[in-house]
Structures are given as structure tokens and as C-alpha cells.
Amino acid sequence: MTTFIIGLVVLFVGAALYGKFCEKVFGPDDRKTPAYTKNDGVDYVPMKGWKNSLINLLNIAGTGPILGPIQGILFGPIAFITIPIGNIIGGAMHDYFSGMICLRDGGSQMPDMVKKYTNKGVFTVYNVFLCVLLLLVGAVFIYTPGDIAATQVFGLDGAVNNVWTWVIYGAIFVYYLVATVFPIDKIIGRIYPIFGGILLLSAIGIFIMIFVKGYPLVEIWNNTWNYDNGLISVAYGDYFKTGHFLPIFFVTVACGILSGFHSTQTAIISRTMKSERQGRNTFYNMMILEGFIAMVWAAGAMGVFNTIQGAAATGATGVVGIVCKDALGTVGGIIALLGVIILPITSGDTALRALRLTVSDSFHIKQDTNLKRLGLASIIFALVAAILVWAKFSSEGFTMLWRYFAWANQTLALFAFISITVWMFENGKAKWTWMPLIPGAFYAFITVTYIMQNPIGFGLDWTVAYIIGITCAVVYLVGTAIYGKNRAARKLTLG
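These numbers were taken from a predicted model, which means no experiment stands behind them.

Looking only at helices and strands, the protein chain has 19 helices and zero strands in total. The C-alpha radius of gyration computed for the protein chain amounts to 22 Å, which stays within 12% of the reference 23 Å derived for 495 residues, consistent with globular compactness. Dimensions of the protein chain, computed from C-alpha atoms along their principal axes, come out at roughly 70 × 50 × 45 Å. Nonlocal contacts in the protein chain, meaning residues at least 24 apart in sequence, comprise 81% of its contacts between residues at least 6 apart.

What follows is the structure, given as C-alpha cells:
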């Protein structure tokens, strides 16, 4: 329990200090925001600060900060320390500067930001990764809420040969299709705050019950959490025992520490902010809240792994239901589960709508009628359906789907870190470029090493994978710094 508490103190105290530092480096002022200068009554509309913060939290939160930490805690209590540190200096900083740069640049969206601060080649690669990630987000956010609904709410087995499993998937699928083509999100958006409230209240409820029920959380300095008691799956435990903790853990936890997907969502909120001074709470602090949610679910998972026989063998989606019902009771658990089910759905429809728009912009496909939107959406949804069917029929389907999703998610963040670095160079903040360069280089090492070694990638030997990963991290660090300096010098020359 002590390690968990230390982690929470690190998270909130560190966030207060580093969040203020990030704000000082960026330098928000009182200039008119795009919500006023471009007010169109639709996308550019001034909104209250608390609404912007809540909407941003809803946009970035899905099953990522729940399922990732549940799997990540299988590495042991070290997760209680690595999650908050990574969140503070990586994820929250990433979200803050991405959102604030888009805000200052007139409410531009993330592809515009990458295009402006990188080059054509980097922008092209970014678009490819963005499309892959959004496709995987759509598949993951059908699979996970569908399985949780089937097994934890309706009491079904969620098996691949159970027709009701596919009926539930189909219902989510139809909603996504309608929401992607028609402006149904304007209607659904009215009840988003309710879902957000459920998410936060369930996390707070589980947090309180961790102490009330005295969940046996293991400390980082003892040997209670070992690799021979059945609590650690071989897939994770062996990585830790053999010294390969870094790449596997950070990709597995994903959204609780860093999410490239977030930058696509913070850019949306940049169009509705009344003041730049709202940015710290709207962007930085909401990612810290997601870190808190991740910490709570990691602790809840560890608690049930240590108290409920067989919990570790039920899979990540099954553990969600066990934690909810064990901590909050039958009624409270069902309410919490509904929030866990609905939230990824409300993120998934946004992701697939963004994918349709990205593809249409890249290939100059007109989307001015419902029929044209439906035509492009049908192709996208056929790909999502294929991924979903493959993942469900494969015995390791969810694990592989999650790993591809998490890896693509972390990789996408590298483009935001490059853009933030270049922005700093061009705006007289070169001495602070270590802020995006350090996490950027670290995740360049993590993502490259992971895909080089893991069977879902190239399956190379660990030594070879580490060499390639370190080399790419150095190239990323040096290349980004040189490119940023050259851009700044050229900008200064041109006046």
C-alpha cells in the first residue's frame, strides 16, 4: 500500500510543479483565442473552462487507462512509480504543448501542426501512422466494450461462437457507422458529462474501497510479488526476470503514461477555449487525472489478483468486472461498468470520423453528401470488421490487437514531440527543448526496440533489437535538434 501512496504523491505533487513549469515555458497570455477570432457558432465557440476540461477528459479517456494498467500491474508494484513519473514528464507535457500550440496557431488540428513544423516526408509517415492508429482504435473500442458488456453486464460467455457476442459487437458497429456519417454526436454529446461523471466517480469509489477493504497491495521493496505464485503471466513475468522490462512495460501500459491519440483530441478543444490561461487545467491536468485513473485500476487489479482465486487468468476485460463488483458491490459495479463500456464507444466514433476525414483529405475525396461519406466509411468499416473478426477468432487475438494499438499509439506521439521541439526552437525557447527531446528519444528507443524484438514485428534477438533501438533514439535526438536549429536559423534569416 505504501508504494501505491508514494506513487500518488509523486503524481499530484509532481504535476503541480511540472505543470506550472510547462505553463511558464509556453507563456500563455491574454490574446484573443480562435474561439473569438474565428467564432462560427459550430466548431469555434467560446466555452467555460470546466466544460472544456471535462470534454477533453472524455475525448482522451476510454479503456486505455483501464486495460493498459491492468496488464501493466502484472509486472509488479514498479508500475506504481513508473506510471506517475512517465505521465508527468511525458504524457501530460505532450498533451499540454500539443493543445497549446494548436491553440496559438489559430485552432489548427494536429495534422496541420505536424505539417507546419516538420517536412513533407515526416508528414507523410505521420499520416500513415495516424490512419493505422485510428483504425486500431476503432477495432479495440468495439472489442473491449463489447466483451465487457457481454460477460460482465449480460452474463454471457463472450465466446466467439456465441451469436449474442456478435449481436453486441454489431450494435456498437452500427452506432459507429451512423455516428461517422451523420452528425449524431451532436445529440449524444449532450449526455457525455454523465458518462464522464460515472468514470470519475467509479475511479474515486474504487480508490476509497482499496483502503476500506484493505486490498493487499505489494511493496516494491519486498519479494511477496513473485513470479512463481501464478499471479504473473509468463508473457510478462519472464520479460521482467530477464531484464527486458522497459520496452514491454511502457508499450503495454500505453495511455496511462503517454498517448499519441491525445494530441488529435486536444487540438479539437483548442477551438473552444476562452483563454490561453485555461490550458494548464484543460490539457495538462486532465492527463494527470487519466494517470490517477490508471493508478487506481492498477491497484484494484493487484488487489483482486491477490484476493480472488483465478482473477489473473480471466483476462484484462474480465478483471474490469471483478474489480468493479468486488469494490463497489453489484449495483455500483454495474453502474461503473456502464461507464467503462460507454466511454470507449464515445471515443471510438470520434476516431473513425477523424479517420474518414483524414483519408478524404489525403486523397482529395469529396465528402459533401451523406452518400459519399457512407461510401468511404464503408471501406473503413470493412477493414475494422476484418481486424475485429481476426482478433476474436485468434486465441491471442486481444493481446496482439492491444499490442499493435499500444505500439502505434506511442509511436504517433513521437511526431508531436518533434513538432513541439521545432516550435520551441522557432519561438526563442531553445533552452527548454530538452523537455520534448528527452521523452521523445526515450519513446523512440521503446517503440523501435519493441517492434524489432516482438513477434508482432520483426522478431529479432533482444541484443540486436536494443542496438537498433538505441541507434534510432540517438538519430531521433540529434536529427530533431539539428532540424529544429536549422529551421530557427532560417526563420531568423528570412525575418
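Having seen the model, we can carry on.
The residue Ala254 is not glycine, and still its phi comes out positive at about 55 degrees. The phi angle at His364 is positive, at roughly 55 degrees, despite the residue not being glycine. Within the element layout of this structure, His364 appears in the loop between α15 (316-362) and α16 (370-393). The exposed category is assigned to His364, whose relative accessible area is 71%.

Our focus in this paragraph is helix α6 (residues 110-117). When we look at burial in α6, the residues that qualify are Met110, Met113, Val114 and Tyr117. One side of α6 holds all its buried residues, which, seen down the axis, span an arc of 95 degrees. If you follow the buried residues of α6, they end up packed against α5 (79-104), α7 (120-153), α13 (261-269), α17 (397-426) and α19 (462-494).

Attention shifts here to the environment of Ile85. Tracing the backbone shows Ile85 in helix α5. For Ile85 and Ile257, which are 172 residues apart along the polypeptide, the C-alpha to C-alpha distance reads 8.2 Å.

For the coordinates displayed, the defined rule picks out one cavity of 30 Å³ or more. Considered as a void within the structure, the largest cavity measures approximately 70 Å³ in volume. In terms of lining residues, the largest cavity is bounded by 15 residues, among which Ile60, Phe141, Cys255, Phe261 and Phe405 are the most central. Every element with two or more residues in the lining of the largest cavity is listed here: α3 (49-60), α4 (64-72), α7, α13 and α17.

Counting 156 residues, the largest nonpolar core has Phe97, Tyr176, Phe249, Tyr284, Trp297 and Val320 as its most contacted members. Beyond its immediate chain neighbours, meaning those up to four positions away, Phe249 contacts Gly72, Phe75, Ala79, Thr82, Ile83 and Ile257.

Below, the discussion takes up the environment of Ser53. Following the sequence through the fold, Ser53 ends up in helix α3. Once the C-alpha coordinates of Ser53 and Thr282 are considered, the two residues, 229 residues apart in sequence, prove to be 4.2 Å apart. Among all residues touching Ser53, those that are not within four sequence positions of it are Asn281, Thr282 and Met286.

What follows covers the side chain of Asn56. Mapped onto the secondary structure, Asn56 falls in helix α3. According to the relative accessible area criterion, Asn56 is buried, its value standing at 0%. With residues up to four places along the chain from it excluded, the contact list for Asn56 reads Gln265, Thr266, Ile269, Thr282, Phe283 and Met286.

As enumerated under the stated definition, the model contains 35 aromatic pairs in all. Residues Phe250 and Tyr443 carry aromatic rings whose centres are separated by 6.2 Å and whose planes lie at 90 degrees to one another, so their mutual orientation is edge-to-face. Within this pair, whereas Phe250 is found in helix α12 (residues 245-253), its partner Tyr443 is found in helix α18 (residues 434-453), the two being separated by 193 residues in sequence. Grouped by ring-pair contacts, the aromatic residues Phe141, Tyr143, Trp166, Tyr169, Phe393, Phe398, Trp402 and Phe405 constitute a single cluster. Across from the ring centre of Tyr143, 5.2 Å away, lies the NZ or CZ of Lys392, which sits over that ring.

Calculation rules
Residues numbered from 1 in each chain as written. Predicted model: local features only at pLDDT ≥ 70, side-chain atom pairs only at ≥ 80, totals over all residues. Heavy atoms only, no water. Helix = DSSP H or I, 4+ residues; strand = E, 2+ residues; numbered from the N terminus. Rg over C-alpha atoms; globule rule 2.2 N^0.38 Å. Contact = heavy atoms within 4.5 Å. Buried < 20%, exposed > 50% of the residue type's maximum accessible area, 1.4 Å probe, protein only. Arc of directions from axis to C-beta. 1 Å grid on protein atoms, 1.4 Å probe; cavity = no way out; pocket = protein on both sides within 12 Å on 5 of 7 lines; lining within 4 Å. Points joined across faces, edges and corners; volume = space filled by probe spheres on them. Core = buried A, V, L, I, M, F, W, Y, C linked by side-chain atoms within 4.5 Å. Phe/Tyr/Trp six-rings, centres within 6.5 Å; stacked < 30°, edge-to-face > 60°. Lys NZ or Arg CZ within 6 Å of the ring centre and 35° of its normal.

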